[in-house]
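# Geometric and topological summary
These are the residues of each chain, in order.
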Amino acid sequence: MKVLGAGCKSCHDQYENVKKAIEELGLEIEVEYITDMEKVMAYGVMSMPAIVVNETVASMGKVLKSAEVIKLLGSWDFNGKEKE
């Protein structure tokens, strides 16, 4: 799982909220914080912060609270696909 950002406060807050959500869910998922703009652009992200789950952009352009991240993660099966 990745948080893409420019290194600003909002992007860092998103990274912390994602880490908190992962911890609250008891998941052992590594959260990577990417600020390298070349890598960010490779995902086609034009608005930050963004959350990437299984190499798919799941959210961008707003800071989600940890409860919102938990809800977002509930729609993923972590086998590479979004639940239908």
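Coordinates for the structure precede this section.
As the structure is a prediction and not an experimental result, all values here were calculated from the model.

Further remarks concern the environment of valine 45. Relative to the elements of secondary structure, valine 45 occurs in the loop between helix 2 (37-42) and strand 3 (50-53). Here valine 45 falls in the buried class, since its relative accessible area comes to 1%. Taking C-alpha positions, valine 45 is 9.5 Å from glycine 5, a pair spaced 40 residues apart along the chain. If near-sequence neighbours (up to four positions away) are discounted, valine 45 is found in contact with Leu4, Val40, Ala50, Val57 and Met60.

What follows is about the pairing of strand 3. Side chains Ala50 and Val52 of strand 3 all project onto a buried face; the interleaved residues Ile51 and Val53 project onto the opposite face, where all are buried too. The sheet contact formed by strand 1 (residues 2-4) and strand 3 spans three bridges and is antiparallel. Pairing of leucine 4 across the sheet is with alanine 50, part of strand 3. Note: strand 3 against strand 4 (residues 56-60), four bridges, orientation antiparallel. Following the sheet pairing, isoleucine 51 is matched in strand 4 by serine 59.

Quick notes on the rules
Residues numbered from 1 in each chain as written. Predicted model: local features only at pLDDT ≥ 70, side-chain atom pairs only at ≥ 80, totals over all residues. Heavy atoms only, no water. Helix = DSSP H or I, 4+ residues; strand = E, 2+ residues; numbered from the N terminus. Buried < 20%, exposed > 50% of the residue type's maximum accessible area, 1.4 Å probe, protein only. Contact = heavy atoms within 4.5 Å. Pairing = 2+ DSSP bridges.

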